[in-house]
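Below are the chains, spelled out letter by letter.
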Number of protein chains: 2
Amino acid sequence: MSGEHRHAEPDKLTKNQALVFHALEGSEKPLGAYDLLDALRGDGLRSPLQIYRALDKLIGMGLVHRLESLNAFVLCIHCGEEVRPDNAAFTICTACGRVTELNDSSLARLLAQLAEATGFALEQSTVELRGLCAACQAA
Amino acid sequence: MSGEHRHAEPDKLTKNQALVFHALEGSEKPLGAYDLLDALRGDGLRSPLQIYRALDKLIGMGLVHRLESLNAFVLCIHCGEEVRPDNAAFTICTACGRVTELNDSSLARLLAQLAEATGFALEQSTVELRGLCAACQAA
DNA sequence: GAGACATAGGTGATGTTATTACATTCGTCA
DNA sequence: TGACGAATGTAATAACATCACCTATGTCTC
């Protein structure tokens, strides 16, 4: 798989990118593109495309992850760091909706190995685990 | 994570389920719900809901998998077997669109372990690997 | 067979997510 | 200043998915 994301600080974001970034930052749960749009109408954003463009850039910088199974987006937990790993996996609680990012190097290795075994050139992986978080099992 | 899918033979499918099943069977690549609808209009299917309902059942039986990152569907490679594993992972070639199902028990174990380590009760996992298949790397 | 129940199907409308096309503005650098 | 690439603004539309409501079919029991 490819390397890590380097040196794309939250500083030098454009206006729209910063708006989307901070909206995600303020949310416990993943947000959909249209959730973000609704949240940012007061800041002058009017069209889905504005959101999607900002998200694309943020994802490209490794600051945001897309959750394929939710069609939603979360901040990378490493977004304040210089170098961000690109091997994220996620747990998604089907009860409370909270998402946790895991970065496990043995998982990354195993996926790389599985791909290699079939001659597949791995570029990107999506790992999303559904179930109940500890808190929701207790409840 | 949960067990396997048992004894849901392609025999006892309803008419719509069988139509969708055979349409997927005849396709090299994953098909979207609306692809299926277009393919099956000649057989009397007219609405997306008919497709989605059939897909839901087929997925429930373990005969079909949904690819979250493509919003598309493929047959399970074990669909002719008595017992189907529920630990599928997929490679998705970004060049030719072909999808390959992998069933690796060490991956399943590792995911279970990762989940357990954080107290997460794993119910279902989505693993989708993007890159180039062997054929497309050669080309 | 009649009644009750569960599962499946048919249809139209609607909701949600994502992209296309095209024009404009901004930032940087020669 | 002028040129270029990146970012933005806007409307329209495409692609994916579900809701609400009603009808049909199969099965089990009496």
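Residues numbered from 1 in each chain as written. Chains lettered and ligands numbered in written order. Predicted model: local features only at pLDDT ≥ 70, side-chain atom pairs only at ≥ 80, totals over all residues. Heavy atoms only, no water.

(A) Main features of the protein's contact with DNA strand D. Surrounding DNA strand D, one finds 14 residues, the nearest of these being T14(A), Q50(A), R53(A), L49(B) and R66(B). Within 4 Å of the protein, the contacting atoms of DNA strand D are drawn from sugar and phosphate to the extent of 47%. K57(A) places a polar side-chain atom, nitrogen or oxygen, 2.9 Å from a phosphate oxygen of DNA strand D. Only α1 (15-25) and α3 (48-60) of chain A together with α3 (48-60) of chain B provide two or more residues apiece to the surface near DNA strand D. Counting residues per element, the surface near DNA strand D draws most heavily on α3(A), at four residues. For the surface near DNA strand D, a count of residues per class yields four nonpolar, five polar and five charged. (Near = heavy atom within 4 Å. Polar contact = N/O pair within 3.5 Å; in protein donor to acceptor, adjacent residues only side chain to side chain. Helix = DSSP H or I, 4+ residues; strand = E, 2+ residues; numbered from the N terminus. Nonpolar A, V, L, I, M, F, W, Y, C, P; charged D, E, K, R; others polar.)

(B) The arrangement of unusual backbone geometry in detail. Residue and element names in this part refer to chain A. Phi angles above zero are rare outside glycine, and N71 is one such case at about 50°. As for its placement among the helices and strands, N71 is situated in the loop between β2 (64-67) and β3 (72-75). Judged by its relative accessible area of 41%, N71 falls in the partly exposed class. (Buried < 20%, exposed > 50% of the residue type's maximum accessible area, 1.4 Å probe, protein only.)

(C) Local environment of the interface of chain A and chain B. Counting from both sides, the interface comprises 31 residues of chain A and, opposite them, 31 residues of chain B. Interface area for chain A against chain B, summed over the two sides, is near 2,700 Å², with a carbon-plus-sulfur share of 65%. Across the chain A-chain B interface, the total number found is zero salt bridges. Across the chain A-chain B interface, the total number found is 10 residue pairs in polar contact (both at pLDDT 80 or more). Residue assignment for the side of chain A that touches chain B shows that the elements contributing at least two residues are β5 (88-93), α4 (105-117), β7 (121-132) and α5 (134-138) of chain A. Among the elements that take part in the side of chain A that touches chain B, β7(A) stands out by supplying 12 residues, more than any other. Here the residues of the side of chain A that touches chain B sort into 15 nonpolar, 11 polar and five charged. As paired strands, β7(A) and strand β7 (residues 121-132) of chain B are joined by 11 bridges and run antiparallel to one another. (Contact = heavy atoms within 4.5 Å. Buried area = accessible area lost by both parts, 1.4 Å probe. Salt bridge = Lys/Arg side-chain N within 4 Å of Asp/Glu carboxyl O. Pairing = 2+ DSSP bridges.)

(D) Highlighting the relation of the copies chain A and chain B. For the match of chain A to chain B, the screw axis carries a shift of 0.0 Å, the RMSD comes to 0.0 Å, and the turn is 180°. The superposition operator between the copies reduces to a two-fold rotation axis. Residue V127(A) of chain A places its C-alpha closer to the rotation axis than any other residue of that unit, at 2.3 Å. (Least-squares fit on C-alpha atoms with pLDDT ≥ 70 in both.)

(E) Summary view of the protein's contact with DNA strand C. Around DNA strand C, a shell composed of 14 residues is seen, among which Y34(A), R66(A), T14(B), Q50(B) and R53(B) lie nearest. When the atoms of DNA strand C within 4 Å of the protein are sorted by group, sugar and phosphate make up 44%. N71(A) has a polar side-chain atom sitting 3.4 Å from a phosphate oxygen of DNA strand C. For the surface near DNA strand C, the elements supplying multiple residues, two or more each, are α3 of chain A together with α1 (15-25) and α3 of chain B. Looking at the surface near DNA strand C, the element that brings in the most residues is α3(B), giving four residues. Of the residues in the surface near DNA strand C, the class split is four nonpolar, five polar and five charged.

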